[in-house]
Amino acid sequence: MKKVLSFIIQHWYYFFIANAILQVFSFRDFYFVLVVVMWLLGVDSMTKIKWNMIDMAVAASMFFSIFSYSFSDYRIELFYFGIKNQLSVMFLYFIARTVKFRKDDFIENFKWPMLFIIVSGIVLYFFPPGWYSAFRYNSLGDLSDNPQLFYEMTRMSSFFPHPYFLGYGSCIMIIYIIKKLLIDKCESMWYYVAFFLTIFTLFFSQMRVAIVYSLLFLTLSSLYVVFIDKSNSRFFKTILYLVPISILILFLIINNIDEDFLYYITERSTNKDDNLIEERINMFASFFNYISVFGSGLGRFGHSAIEYNQKCIADAEYLRVLCELGYVGMFLLIFPIIYSVILGIKNIKNAFFETFVVLFFLFVMIGAAPLEMTQQHNFLLWFCVGHIVSKSYKYKGKI
């Protein structure tokens, strides 16, 4: 039984993506099965580790989230959504802390299913069959009632209704590829081809925060090669070669795309004139009144609130957590994430991928809701936090 549970977690991305594809063809959603797997293996993992300060903080955050429902009176359905989508994935932290998951198998099993989503995203975007167009149309609602939803059709999303999984996954794939090239010194041409495809999908998914973070990350990586690890000069030169090739291919594609359509994509992907932080603050200014010491309860302002005509904080994670869990819950939730980054930086060669993934989520939470949305890779965040702690304590000789 335990081997089956571990196998499912090790190959999480395969099962998660398979579930998304099956739903496109009207099969039932089996994500609840994955939730049960997380709870069973997560609780078991809690008994298999040597507890430290960060473990206790994560556990305290989970217990506080459960009891937060008693702090306020709101729909039980919203609380259930918070438990299923936000709290359940936190068990991956404890799973990543165990000896069985100390190696990078979970991370290595990310690349092939993610590459499949990237390639399929490109094909379905430029050559959409009728059934796919119908899926996007139905998943986004009645376009005639909200013309703005039409523009969501211009965002590459592969087999998912929205572009978050593909857009954020593309950024995470870039981190993975750079890790393989810089840290692991891999020479396979596969990584360079995958890098080009990923840059391509990142642009057409039009996820601004992911694009900005990717550019910052690539700039930092290039500076590292130029000034510190000059033995990786091949990496830097190859990236420079890929840039003009990418520009040429994009130019050929652009010449065959409608001008208004292209303008919208470029504007949406870059949006140079908007201040993202100020935009989010103004959008949710009225929610500041809900901030308190203990909060209003897990899930109260999550995405599911829209279904019940309740107030929703959809794209400002820090504000949502403050409103739902208060100052106490915010500290318990964010402390282990930030502390893991500190540990990761100290042990960067062994936790390169995990550290930059966690930093990405801290960056993304300014204008998105990755903690409560599984399509925004929240399960990977908590696995990476746990993996950093596991690796750091391993090298300190405490595991």
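An account of the accompanying structure is given in this report. What you see is a predicted model; the values in this text were computed from it and never measured.

## Brief notes about the packing of aromatic side chains
Each pair of aromatic rings is reported with the distance of its centres and the angle of its planes. Throughout the structure, instances matching the rule amount to 46 aromatic pairs. Aromatic side chains Phe16 and Phe160 sit 6.3 Å apart centroid to centroid with 20° between the ring planes, which places their arrangement in the stacked category. With Phe16 in helix 2 (residues 12-24) and Phe160 in the loop between helix 9 (130-140) and helix 10 (164-182), the pair connects residues that are 144 residues apart, well separated along the chain. You'll find Phe16 and Phe160 in the same group, each marked buried. Here the guanidinium or amino end of Lys111 rests over the ring plane of Trp190, the centre of that ring lying 5.5 Å away.

## Regarding the packing of helix 16 (residues 317-346) against helix 17 (residues 352-364)
In contact at an axis separation of 10 Å, helix 16 and helix 17 are set at 155° when each is read in the N-to-C sense. Taken together, helix 16 and helix 17 sit at an angle that is classed as roughly antiparallel. The way helix 16 lies across helix 17 gives a crossing that is left-handed. Side by side, helix 16 and helix 17 meet where Tyr318, Ile337, Ile338, Ser340, Val341, Gly344 and Ile345 of the first sit next to Thr355, Val358, Leu359 and Leu362 of the second. The residue makeup of the contact of helix 16 with helix 17, split by class, is 8 nonpolar, 3 polar and no charged.

## Remarks on helix 2
Within an α-helix, residues lying three or four positions from one another point in the same direction, as the helix has 3.6 residues per turn. The terminal C-alpha atoms of helix 2 lie 19 Å apart, and with 13 residues this matches the ideal 18 Å at 1.5 Å per residue to within 8%. When helix 2 is considered as a whole, its buried residues turn out to be Trp12, Tyr13, Phe16, Ile17, Asn19, Ala20, Ile21 and Val24. Within two residues after helix 2, Ser26 carries a phi angle of roughly 70°, on the positive side.

## Overview of the environment of Lys103
Inspection of the secondary structure assignment puts Lys103 in the loop between helix 6 (91-97) and helix 7 (105-108). Look at Lys103 and you get exposed, because its relative accessible area is 63%.

## Let's talk about the packing of helix 1 (residues 2-10) against helix 3 (residues 31-46)
Two elements in contact, helix 1 and helix 3, have axes whose closest approach is 10 Å; the angle formed by their N-to-C orientations is 115°. Remark: the crossing between helix 1 and helix 3 carries left-handed chirality. Where helix 1 abuts helix 3, its residues Lys2, Leu5, Ser6, Ile8 and Ile9 lie against Leu34, Val37, Met38, Leu40, Leu41 and Asp44. Tallied by class, the residues present in the contact of helix 1 with helix 3 amount to 8 nonpolar, 1 polar and 2 charged.

## Remarks on helix 3
Its 16 residues place the ends of helix 3 22 Å apart at the C-alpha level, agreeing with the 22 Å of an ideal helix rising 1.5 Å per residue. Buried residues of helix 3: Tyr31, Leu34, Val35, Val37, Met38, Leu41, Gly42, Ser45 and Met46, and no others. Taken down its axis, helix 3 places every buried residue within 160° of arc, on the same side. The inward-facing, buried residues of helix 3 abut helix 1, helix 2, helix 4 (53-67), helix 5 (76-87) and helix 6.

Conventions used here
Residues numbered from 1 in each chain as written. Predicted model: local features only at pLDDT ≥ 70, side-chain atom pairs only at ≥ 80, totals over all residues. Heavy atoms only, no water. Phe/Tyr/Trp six-rings, centres within 6.5 Å; stacked < 30°, edge-to-face > 60°. Helix = DSSP H or I, 4+ residues; strand = E, 2+ residues; numbered from the N terminus. Buried < 20%, exposed > 50% of the residue type's maximum accessible area, 1.4 Å probe, protein only. Lys NZ or Arg CZ within 6 Å of the ring centre and 35° of its normal. Axes fitted to C-alpha atoms, helices over the stretch in contact; angles between N-to-C directions. Parallel < 35°, antiparallel > 145°, perpendicular 65-115°, else oblique. Left-handed = near helix turned anticlockwise from the far one by under 90°. Contact = heavy atoms within 4.5 Å. Nonpolar A, V, L, I, M, F, W, Y, C, P; charged D, E, K, R; others polar. Expected span 1.5 Å × (residues − 1). Arc of directions from axis to C-beta.

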